[in-house]
Amino acid sequence: MHQNHIQSFVRTIIKTACILLFGLLVWAGGSGHVFADDEPSGDVPPVLISATRSEQSLDSTTSSATIITAKELQDRQLVTVGDALRSVVGVSVLRNGGPGGLTNVFLRGADSEQTLVMIDGVQVNNPSVGGFDFADLTTDNIERIEIVRGPMSSLYGSDANGGVINIITKKGQGAPKATLSIEGGRYATTREAAALSGQSGPVDYSLSLSHERSEGFSRVSIGAEPDSYLNTTLSSKLGLSVLGDGRLEFTGRYWLAQADLDGFDALTFLPADDPAAAQRTEGLVVALSLQKPLADWWNQRVTVSLNTAQYWNKFLDTFLLTYQRTEFDTREQHVDWQHDLAVGGWMHVTTGAEYEGAMGENSGDVNRHTVNTVGFYAQSLIELPQGLSQTTAVRYDINNRYGNTFTYKIEAAYLAPTQTRVRAGLGTAFHGPTIQDLFYPNFGNPNLQSETSETAEVGLEQSLWDKRVIIGVTQFRTTFDNLIEFRFDPVCVAPYAPLGICPVNVDTARAEGQEVTLTLKPVQQVMIASNYTHLTAKDRTTDTTLLRRPRDKAHLGVTVTPITPVMLGAEVDFVGRRLDSGGPVGSYWLVRATGSYAVTTWLQLFGRIENLTNKDYEETLGYETAGLSLFGGVRVIGP
């Protein structure tokens, strides 16, 4: 065991050195510059990439989308991406207990496996178990988070039924900027973070390193033993101007986390204390891309990426009453060649090909399983001066395990002179069976097909008084077919499922609802943002409500800058009643407050109060949540 820890530490040092080395050399070369204030780039007009694979204004997109900027992440003092997503319309976030607990995101009623997550365009959904666990993904070095609601398989392939969440890291620019922050708070929580960014000649760089430690609290509601958490995260983006107007870019993100877990009672199967249960997670996402225009109207980009994750678990087997250890490895490789063509000044065409190779392996299986996909996509975006925009996208995926899939999406938007914007869209998407679904020892089914969906939506947005008031309403309906469920079924036969229990394509479901947003900026010093989501999500085969989807969800956030160096904020969240696997979970209200004070241009104090009313609530049935918690810290900017 001691040797394993040493090996892990050595791996961490090597990976850290590889990602930082180039940026540190660049910094050394440009160290003669004067450090500037590290202001987030939130004042830059929002630019959206995920909806069309190319840059466009958020105001002009035909999709339903939300952008969370770096400035908002800092002002609201959000530590994890999962916490940032809680305030987004149409998004529900559920965490099993305290920091480090499994964190799932449900987008428009779609399962967590049916929402595609990307970091700088690299797909990071776990190919073995599906979905992405947001537990360890921090907001360090993030420029913005893009959330596109609705079917996106026509551009990105599998897993995009509910939509796409794309986390985009910062790009270095200007004189070197350095930031150091330290904070602490309840549950003996401490967090240190450092960042460095800038540009020197043809090279730009942005790097960050953070470490968090918390003694935590019992992960299960009936427990008494605290469950601790550790997280070290390193992020970088390095760019180089090449071939005249070309750009070579490297992005990398590495995290190493360890969380104490709890287990289940051997008799009741309810969550229960387990002092020895723990999980260690190591993730690495790297990408290298080359962008080079071939003509004034033709740009191309080639991207090669790698996404790996390793999990080590220790848990109590409730049947054998002995502790078991498991190791689980996944690896996913992508190659994407994209072309962007400008046609006549009013049409933009995007087309390309993508290869994806996924591998999954666990300690209980002697075999290493792979799934390979080749996809071809094309999209046209038409923007006319009369305020009309129209997008059409199609894609064909060829998979060596579960067959081939065709998906499409058609959207249109019209902006009237009254600043009234009307949108409508129709599209299809799919989620391929995971490696675990296909090959899990004694419970897999290699004959599974993809889960498919079709979504229709209409939206209306009205801007008033020079965008001081913006009101938006969206109605959507998604029908899911061929859903995968574990059943006792005759198709489950040896050698894959000798017990007769395996995943099969049996269910259909429907998720429909309304999304309402309201943004107010009565004066320059005050910003009010609110939203409400109403969702009805039912299994049409069994006529039951889908688990863990709240019927109602609302958010209200207020930011006030009474004087220049002071910023105050307050947020109220409501999550309605929902059904879990063990029964209903009650609704709850949460209140948080934030504040910051710029003492000088290089020193800032900040603090926040989580769960201001000390509400006793659960996100997931049987799992504890934090009570009233105070956090405070200091941020230093400069050399």
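Every value quoted in this text rests on a predicted model; they were computed, and no experiment measured them. (Residues numbered from 1 in each chain as written. Predicted model: local features only at pLDDT ≥ 70, side-chain atom pairs only at ≥ 80, totals over all residues. Heavy atoms only, no water.)

Engineer: I keep staring at the state of the cysteines and nothing clicks. Help me out?
Structural biologist: Covalently bonding the sulfur atom of one cysteine to the sulfur atom of another cysteine gives a disulfide. According to the stated counting rule, one finds one disulfide in the structure shown. Here Cys-492 is linked by a disulfide to Cys-502, with a sulfur-sulfur distance of 1.9 Å. Linking Cys-492 and Cys-502, the disulfide has an S-S dihedral of approximately -75° and is accordingly described as left-handed. Placement of Cys-492 in the loop between β26 (469–488) and β27 (501–520) and of Cys-502 in strand β27 is noted, with a sequence separation of 10 residues between them. (Disulfide = S-S within 2.5 Å. Helix = DSSP H or I, 4+ residues; strand = E, 2+ residues; numbered from the N terminus.)

Engineer: In this structure, what is going on with the packing of aromatic side chains? I would like to understand it.
Structural biologist: Aromatic ring pairs are described here by two measures, namely the spacing of the ring centres and the angle between the planes. Within the structure shown, the criterion is met by six aromatic pairs. Note on Tyr-187 and Phe-217: the rings are 4.9 Å apart at their centroids and 50° apart in plane angle, and the pair reads as tilted. Linking Tyr-187 in the loop between β10 (177–185) and β11 (189–200) with Phe-217 in the loop between β12 (203–214) and β13 (229–242), this pair joins segments that are 30 residues apart in sequence. On the basis of relative accessibility, which here comes to 12%, the residue Phe-217 falls in the buried class. Both rings, one in Phe-574 and one in Trp-589, keep their centres 4.7 Å apart while their planes meet at 45°; by these two values the pair is tilted. (Phe/Tyr/Trp six-rings, centres within 6.5 Å; stacked < 30°, edge-to-face > 60°. Buried < 20%, exposed > 50% of the residue type's maximum accessible area, 1.4 Å probe, protein only.)

Engineer: Quick question: what am I supposed to make of the pairing of strand β36 (residues 629–637) here?
Structural biologist: For a regular strand, side-chain orientation follows a simple rule: the groups alternate between the two sheet faces. Here β36 shows a buried face lined by Ser-629, Phe-631, Gly-633, Arg-635 and Ile-637 and an unburied face lined by Leu-630, Gly-632, Val-634 and Val-636. Sheet topology note: the β10/β36 ladder contains seven bridges and is antiparallel. Bridging from a neighbouring strand, Ser-181 pairs with Arg-635 of β36. Direction of pairing for strand β35 (residues 603–610) relative to β36: antiparallel, over a ladder of eight bridges. Among the inter-strand pairings, Gly-607 is bridged to a residue of β36, identified as Gly-632. (Pairing = 2+ DSSP bridges.)

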